[in-house]
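The primary structure of each chain is shown beneath.
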Amino acid sequence: MKWWKQKRRDPPAAVVQVRRAEGHPFGAVDRYVPLHTGEAALYRAIREGVPILDAAIWKLVRLCGGVGAKCGNPAAQAGLEEFFRTVDTGWGQRGIQSFLDRYLDDLFTCGHGLGEIVLTPDGREVAALLCAAPEQVEVKIGDSPLDFRLCRAGLGEDRELPFQELLLFTPFQPTGDAPCGVSLLRSMPFLAGILLKIFQAVGQNWERAGSLRFAVVCRPGEGEEAFAQERCGQIAQEWSAAMQAGREGAVRDFVAVGDVDIKVIGADSPVLDSQVPVRQILEQLVARTGIPPFMLGLSWSSTERMSAQQADLLTTEITAIRRAVEPALCRVAELWLRLHGFGPKAEIVWEDINLQDMVEEARAQLYLAQAEKLRREL
């Protein structure tokens, strides 16, 4: 045995310069970053209470669709396309697009998306591609940003999920203080709370208008003070009978003698104009989503067509969102290729984003054709 020969050494691991320098006596507990805080329930309540925000998120989800995969091997391309079109995504749905819709919905609402690649019992085929609730996991941060593990949420010693390579995790707009991503609705709870209070007050005002309350004032005349209490009781009884008959759909007159004054309670108080504050709040909320207002049914400008600048901004937003989820989709495609014995190189392709006016595009093509005709004639 040639023990003197130098053994082959593995290449050194990548060196990360940004490491956690501080220590903690309970380091294992300190490095767990919970993802199932009450903010997720708050954000879902905001979507339920403010329909325009729910519509904006669903529009972003639909605009980000149209995904496919491409590989260099022609023999694997047909199988990869079939897999993307027919993969089981749970709850009676199939196709990578249904998985992406749920994944993006969680990404926008909770600030991160969580998915799982399910293999067949023999480990030779991808059986399903499922989305999981982001509240089910926590992140255990290691010594560097390259070292993190997904763990089960809750108490217990062995919380780390065993097959990390089959889990998909995507943070949305991560920051230094929130490396696991932030929700699209992070800056909206304050303004959404004010908006809901305005709507609740408006509802109470209309409820009061539909169910009026009356104040009946009876002033006794001279010499009638001794019978004032008895007379007020009779008036109250007759008024109650007249109001009860009105609730039952009958018409009944109320006749009173003397100085009797009837007023609607709260009729003198002015109703506040809610149009200006509601618009100011909605402008802030819609600006955070990046969706043009007219796409949400809001007519705030003189024109209802999308300008070139708005189309470019929305296209940039959609491209950035696609770029965020592309690594997770690429991992799914590369795993399928490896399981079927092909090269692991795959590329995610997206459908072109077309937000321009079709009339303007047709006119531009006409101008190009006319210019080409003039060039040939010359």
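This structure is a prediction, so every number in the text was calculated from the model and none was measured.

Colleague: Explanation requested: helix H8 (residues 275-289) in the structure shown.
Modeller: Quick reminder: α-helices carry 3.6 residues per turn. Residues three or four places apart thus point the same way. With 15 residues, H8 should cover 21 Å at 1.5 Å per step; its first-to-last C-alpha distance of 21 Å lies within 8% of that length. Looking at H8, one finds that the buried residues are Val278, Ile281, Leu282, Leu285, Val286 and Thr289. On an axial view of H8, the arc spanned by its buried residues comes to 130 degrees, and they lie on one face. Exposed residues pointing more than 90 degrees away from the buried face of H8 are listed as Gln284 and Ala287. Buried residues along H8 sit against helix H3 (51-63) and helix H6 (189-210). Looking one or two places after H8, you find glycine 290, whose phi comes out positive at around 80 degrees.

Colleague: I tried to follow the nonpolar core on my own but got confused; where do I start?
Modeller: Grouped burial of nonpolar side chains is what soluble globular proteins tend to show. Leu104 and Phe108 are the most contacted members of the largest nonpolar core, which totals 63 residues. Excluding residues within four positions of it along the chain, leucine 104 makes contact with Val61, Cys64, Ile321 and Val325. Core analysis: the second largest hydrophobic core is formed by 9 residues, Ala132, Val137, Leu161 and Phe169 among them.

Colleague: Any chance you could explain the confidence of the model for the protein chain here in plain terms?
Modeller: Caution applies to low-pLDDT parts of the model: their predicted coordinates are not meant to be read in detail. Residues with a pLDDT of 70 or more make up 85% of the protein chain, whose mean pLDDT is 84. Residue range residues 25-29 is modelled with pLDDT below 50. Its contacts to residues more than four positions away, or to other chains, number 0 contacts.

Colleague: Help me out: how do you make sense of the pattern of salt bridges in this one?
Modeller: Two side chains that carry opposite charge are able to pair once their charged atoms sit near each other. Summed over all chains, the structure comprises 13 salt bridges. The salt bridge involving arginine 47 is made with aspartate 54; its shortest N-O contact spans 2.6 Å. Residue class for arginine 47 comes out buried when judged on its relative accessible area of 9%. A salt bridge links arginine 375 to glutamate 372, with the shortest nitrogen-to-oxygen separation between them at 2.3 Å. Within this pair, arginine 375 and its partner glutamate 372 are both found in helix H10 (residues 358-377), separated by 3 residues, close to a single helical turn. Each of Arg47, Asp54 and Asp105 takes part in salt bridges that share partners, so that together they form one network.

Colleague: Help me understand the layout of surface pockets in this model?
Modeller: Volume-wise, the second largest pocket comes out at about 360 Å³. The wall of the second largest pocket is formed by 18 residues, among which Ala201, Val202, Asn205, Val271 and Leu272 lie closest to the centre. With 7 residues, the single largest contributor to the lining of the second largest pocket is H6. In terms of residue class, the lining of the second largest pocket is made up of 13 nonpolar, 3 polar and 2 charged.

Colleague: Quick question: what am I supposed to make of unusual backbone geometry here?
Modeller: For tryptophan 91, which is not glycine, the phi torsion reads 55 degrees and is therefore positive. Secondary-structure assignment places tryptophan 91 in the loop between strand S3 (88-90) and strand S4 (93-94). Residue classification places tryptophan 91 among the exposed positions, given a relative accessible area of 84%. Within the chain, glutamine 173 stands out as a residue other than glycine whose phi angle is a positive 50 degrees. The topology assignment puts glutamine 173 in the loop between strand S9 (167-171) and H6.

The rules behind these values
- Residues numbered from 1 in each chain as written.
- Predicted model: local features only at pLDDT ≥ 70, side-chain atom pairs only at ≥ 80, totals over all residues.
- Heavy atoms only, no water.
- Helix = DSSP H or I, 4+ residues; strand = E, 2+ residues; numbered from the N terminus.
- Expected span 1.5 Å × (residues − 1).
- Buried < 20%, exposed > 50% of the residue type's maximum accessible area, 1.4 Å probe, protein only.
- Arc of directions from axis to C-beta.
- Contact = heavy atoms within 4.5 Å.
- Core = buried A, V, L, I, M, F, W, Y, C linked by side-chain atoms within 4.5 Å.
- pLDDT = per-residue confidence, 0-100.
- Salt bridge = Lys/Arg side-chain N within 4 Å of Asp/Glu carboxyl O.
- 1 Å grid on protein atoms, 1.4 Å probe; cavity = no way out; pocket = protein on both sides within 12 Å on 5 of 7 lines; lining within 4 Å.
- Points joined across faces, edges and corners; volume = space filled by probe spheres on them.
- Nonpolar A, V, L, I, M, F, W, Y, C, P; charged D, E, K, R; others polar.

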